[in-house]
Amino acid sequence: MQLHHWVNTLGQDLKSRYGEAVRKLTIHANFTCPNRDGTLGKGGCTFCNVASFADEQIAAAPIAEQLNVKAQELAGKSDKYLAYFQAYTSTYGEVMTLDRLYQEALTYRNIVGLCVGTRPDCVSDAVLELLSGYQQQGFEIWLELGLQTSNDKTLKRINRGHGWAEYETVCLKARALGIKVCTHLIVGLPGETWQDYQNTLDAVVALGVDGIKLHPLHIVQGSTLAKAYQAGKITALTLEQYVDAAVMMIQRTPAEVVFHRVSATARKPTLIAPAWCEDRWQGLISVAQGLAASGGQGAQTTNPYVFNS
Ligand code: SF4
């Protein structure tokens, strides 16, 4: 089941524009997070255990060395790359320091651009100008904004430390400068319903967005939600619940928006629940099957995704 038959995937989008596969190489550049270091808060978002999204062992290595290791892992599969600053808040630093780190990645062989993951309230105008400058030099720049939901009540409940307004401001500014925005959304946050998923997707699309990264809520060791789950106060999404929500959200997304991800996996023992998220393929295949049965990306908009072989 080929997902790109039903979804405008990043992999397919990059392949059609570069004429060959372009892969993301993940970097850990030792950033921290204002929601953990006391600037905004100390506990972090309730779903977060930073150790679950980054390999702490490689964090100390120089960026070129990290890229080298990751590129070797992909040897024979790809020869062009996007450097992905993923861990923590990758715009949280002095602009000169950010420039040095980003340039280290951009000057590595066969790098075509950057993906920079961050919080919506942590992207200054100076950072946007820096990223815009790389874009003007011909690099592909993706600003990956963790929004998770457009519902301010949920954002407060999960202790994000920002609301929809901060997302709206930075998204509009970034896109006005030609920087592509990829918005991260989580399905299954505590207290959220089908209506919240629909409202979030519709709000993000109405504001304007270039990419979406969609994933189910992972309950991971060390997070606040892990305690709530173990105390029986929250439940985890079933595969069926996730697939239904993801299919609806993808179908409401216009064809030109690129999906960087439509599900996500995590490993035990870090992952506590849902167990199906341990399987690399189950979520992906099920979402693809759901789309194949009821219509692909854009089926519920006026601009459906056109199959591109
Ligand atoms: S999810 Fe991101 S913003 Fe939230 S605490 Fe973790 S690193 Fe910080």
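One structure accompanies this document, and this report is about it. What you see is a predicted model, and the numbers here were worked out from it, not measured in a lab.

In this section: the sheet that holds strand β8 (residues 258–261). Overall, parallel pairing links the 7 strands, which are arranged β1-β2-β3-β4-β5-β6-β8 in an open sheet. Only two strands of the sheet have a single neighbouring strand rather than two, namely β1 (22–27) and β8. With strand direction ignored, the average angle separating the axes of adjacent strands in the sheet is 25°. Pairing analysis gives 6 bridges linking β1 to strand β2 (residues 80–85), with the strands arranged parallel. Paired with isoleucine 27 across the strands is phenylalanine 85, a residue of β2.

With that settled, the discussion passes to the packing of aromatic side chains. Counted by the stated rule, this structure contains 4 aromatic pairs. Seen in terms of ring centroids, phenylalanine 85 and tyrosine 102 are 5.2 Å apart; in terms of plane orientation they differ by 75°. Their pairing is edge-to-face. Linking phenylalanine 85 in strand β2 with tyrosine 102 in helix α3 (residues 95–106), this pair joins segments that are 17 residues apart in sequence. Look at tyrosine 102 and tyrosine 134: their rings are 6.2 Å apart centre to centre, the planes differ by 85°, and that puts the pair in the edge-to-face class. Note that tyrosine 102 is positioned in helix α3 and tyrosine 134 in helix α4 (residues 125–136), a separation of 32 residues in sequence. We classify tyrosine 102 as buried; its relative accessible area is 0%. Looking at tyrosine 134, the relative accessible area reads 2%, which means it is buried. In this structure an aromatic cluster arises from ring pairing among Phe85, Tyr102 and Tyr134.

Summed over all chains, the structure comprises 11 salt bridges. The partner of arginine 100 in a salt bridge is glutamate 104, and the shortest N-O contact between them spans 3.3 Å. In this pair, arginine 100 and glutamate 104 both sit in helix α3, 4 residues apart, roughly one turn of the helix. Arginine 100 gets classed as partly exposed once you look at its relative accessible area, which sits at 47%. In this structure, the salt-bridge partner of aspartate 202 is arginine 252, at a minimum N-O distance of 2.8 Å. Of this pair, aspartate 202 sits in helix α7 (residues 194–207) while arginine 252 sits in the loop between α9 (239–251) and β8, placing them 50 residues apart in sequence. Judged by relative accessible area, which is 21%, arginine 252 ranks as partly exposed.

Our next topic: the pairing of β2. Of all the 6 residues making up β2, 5 are buried; the element is thus mostly covered by neighbouring parts of the structure. For β2 and strand β3 (residues 111–118), the ladder comprises 5 bridges, and the chain directions are parallel. Counterpart to tyrosine 84 in the pairing with β3 is cysteine 115.

This part covers unusual backbone geometry. A cis amide bond links lysine 268 to the next residue, proline 269, at an omega of 10°. Relative to the elements of secondary structure, proline 269 occurs in the loop between β8 and β9 (271–273). Put simply, alanine 273 and proline 274 share a cis peptide bond, and its omega is -5°. Residue position: proline 274 is located in the loop between β9 and α10 (282–294).

Structurally, glutamine 66 can be placed in helix α2 (residues 63–73). By relative accessible area, which is 3% here, glutamine 66 ends up buried. Only 2.8 Å separates the side chain of glutamine 66 from the backbone nitrogen of histidine 28, close enough to count as a polar contact.

Glancing now at α2. Turning to α2, its buried residues number three or more, namely Ile63, Gln66, Leu67 and Ala71. Angular distribution of buried residues about the axis of α2 spans 130°; they occupy a single face of the element. Facing away from the buried surface of α2 by more than 90 degrees, the exposed residues are Gln72 and Glu73.

Definitions and cut-offs
- Residues numbered from 1 in each chain as written.
- Predicted model: local features only at pLDDT ≥ 70, side-chain atom pairs only at ≥ 80, totals over all residues.
- Heavy atoms only, no water.
- Pairing = 2+ DSSP bridges.
- Helix = DSSP H or I, 4+ residues; strand = E, 2+ residues; numbered from the N terminus.
- Axes fitted to C-alpha atoms, helices over the stretch in contact; angles between N-to-C directions.
- Phe/Tyr/Trp six-rings, centres within 6.5 Å; stacked < 30°, edge-to-face > 60°.
- Buried < 20%, exposed > 50% of the residue type's maximum accessible area, 1.4 Å probe, protein only.
- Salt bridge = Lys/Arg side-chain N within 4 Å of Asp/Glu carboxyl O.
- Polar contact = N/O pair within 3.5 Å; in protein donor to acceptor, adjacent residues only side chain to side chain.
- Arc of directions from axis to C-beta.

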